[in-house]
Amino acid sequence: PQNNDIFIIDINMVSVKELNLYKIAEKTNNFFVNKFLCGLQIEECVISLISCEILRKEVLQLEHKLVSFAADKTLSRILKYIDKAPEENLLKILKVAEKYFTMYPKENYEKMRRAVGDKDNVYMQLAKNILNDVDRDLVKSMLISLGIHAGYFGTKTVRAKRDKYNCNIPFIILFDPTSACNLKCKGCWAAEYGHSFQLSLDDMRSIVNQGKDLGTHFYMLTGGEPLIRKNDVITLASENPECTFLI
């Protein structure tokens, strides 16, 4: 959000609309907010703020919660809709997505349309397997982290930071929780480094927190065998539900 911009969930359409916070008095730091969240009215409230930075952080956190909540409810309906006629309804959804999610290149949508129409496409087969075999709450969590936090919020942050620091910001960050592995596969470079190199849980937390500040919400854990650190990996993922971790 820029200054006092905020996203509000429309009570009827469950869509995102950009509105402004209303300033109660020009000479104070109080702001008046009247919000609706998917039919649930949040009472009019006054937020006392010490500085614009506090306002920015509070608004950003609220924006994420509002959009994530609405996305969860909307995805439940979308997934049920896809189940009725997967190929046909996926094409309809892509058409709507292309209209509203303009941060993605048009050629990406065209590639996805071709994939939907190709029964032999491996990515389409993977998508169907995920929809059929993976718990729906997990599917929704993954789609929200990739589509909303990484794709929508992350893209805006990445572009802003890229301009600010005049450098590329990665969409995905790779790191090795450990160099240790219970196997020694021929051709794998990990065995060359031995089993002693480790990132502490706090090290991994720092990587993810710094990445999120730059707009990166997608992480690939390599190694070694990352699941040798299974407990720490699960802790890291549970602490960052807005991120996707690929092993």
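Placed above this text is the structure.
Residues numbered from 1 in each chain as written. Predicted model: local features only at pLDDT ≥ 70, side-chain atom pairs only at ≥ 80, totals over all residues. Heavy atoms only, no water.

Participant: Can you tell me about the pattern of salt bridges, naming the residues and giving the values?
Facilitator: This model, assessed by the stated rule, comprises 13 salt bridges. Here lysine 140 ties to aspartate 137 by a salt bridge, and the two come within 3.6 Å at their closest N and O atoms. With lysine 140 and aspartate 137 both in helix H5 (residues 136-165) and three residues apart, the pair spans about one turn of that helix. Under the relative-accessibility criterion, lysine 140 is labelled buried at 9%. (Salt bridge = Lys/Arg side-chain N within 4 Å of Asp/Glu carboxyl O. Helix = DSSP H or I, 4+ residues; strand = E, 2+ residues; numbered from the N terminus. Buried < 20%, exposed > 50% of the residue type's maximum accessible area, 1.4 Å probe, protein only.)

Participant: Now, about the environment of valine 134: what can you tell me, with residues and values included?
Facilitator: Secondary-structure assignment places valine 134 in the loop between helix H4 (122-133) and H5. Classification of valine 134 as partly exposed rests on a relative accessible area of 31%. In this structure, valine 134 is in contact with Asn129 and Val139, ignoring residues within four places of it in sequence. (Contact = heavy atoms within 4.5 Å.)

Participant: Which residues make up the side chain of asparagine 240, and what values go with them?
Facilitator: Relative to the elements of secondary structure, asparagine 240 occurs in the loop between helix H7 (230-239) and strand S8 (244-246). Since its relative accessible area comes to 5%, asparagine 240 is described here as buried. Separated by 2.8 Å, the side chain of asparagine 240 and the backbone oxygen of leucine 236 make a polar contact. Setting aside residues no more than four positions away along its own chain, asparagine 240 makes contact with Val208, Asn209, Lys212 and Phe245. (Polar contact = N/O pair within 3.5 Å; in protein donor to acceptor, adjacent residues only side chain to side chain.)

Participant: Hey, could you go over the packing of aromatic side chains for me, with residue numbers and the actual values?
Facilitator: Under the counting rule described, the total for this entry stands at three aromatic pairs. When the ring of tyrosine 219 is compared with that of phenylalanine 245, the centres are 5.6 Å apart and the planes differ by 25°; the resulting orientation is stacked. Here phenylalanine 245 lies in strand S8 and tyrosine 219 lies in strand S7 (residues 218-221), a separation of 26 residues in the sequence. By the ring-pair criterion, three or more aromatic residues cluster together here, those being Phe175, Tyr219 and Phe245. (Phe/Tyr/Trp six-rings, centres within 6.5 Å; stacked < 30°, edge-to-face > 60°.)

Participant: Now, about the pairing of S7: what can you tell me, with residues and values included?
Facilitator: The sheet contact formed by strand S6 (residues 172-175) and S7 spans four bridges and is parallel. Note that in S7 the partner of isoleucine 173 across the bridge is tyrosine 219. Bridge analysis of S7 against S8 gives three bridges, and the strand direction is parallel. Residue pairing for S8: methionine 220 is matched across the bridge by leucine 246. Traced from S7 through H7 to S8, the parallel crossover comes out right-handed. (Pairing = 2+ DSSP bridges. Right-handed = clockwise from strand over helix to strand, strands pointing away.)

Participant: Now, about the sheet that holds S7: what can you tell me, with residues and values included?
Facilitator: Read from one edge of the open sheet, three strands run S6-S7-S8, paired in parallel fashion. Looking at the sheet topology across the chains shown, the edges are occupied by S6 and S8. In this sheet, neighbouring strand axes are inclined to one another by 25° on average, regardless of whether the strands run parallel or antiparallel. Contacting S6, S7 and S8, helix H6 (residues 201-214) runs over the sheet at an angle of about 165° to S6. (Axes fitted to C-alpha atoms, helices over the stretch in contact; angles between N-to-C directions.)

Participant: Give me the nonpolar core: which residues, what numbers.
Facilitator: Soluble globular proteins tend to bury their nonpolar side chains together. Among the nonpolar cores identified, the biggest contains 11 residues, and these are Ile173, Phe175, Leu201, Met204, Val208, Tyr219, Leu221, Val233, Leu236, Cys243 and Phe245. Elements supplying a minimum of two residues to this core: S6, H6, S7 and H7. No other element matches H6, which puts three residues into this core. Beyond its immediate stretch of four places on either side in the chain, valine 233 contacts Leu221, Pro226 and Ile247. Grouped together as the second largest cluster of nonpolar side chains are 10 residues, Leu90, Leu94, Ala97 and Leu131 included. (Core = buried A, V, L, I, M, F, W, Y, C linked by side-chain atoms within 4.5 Å.)

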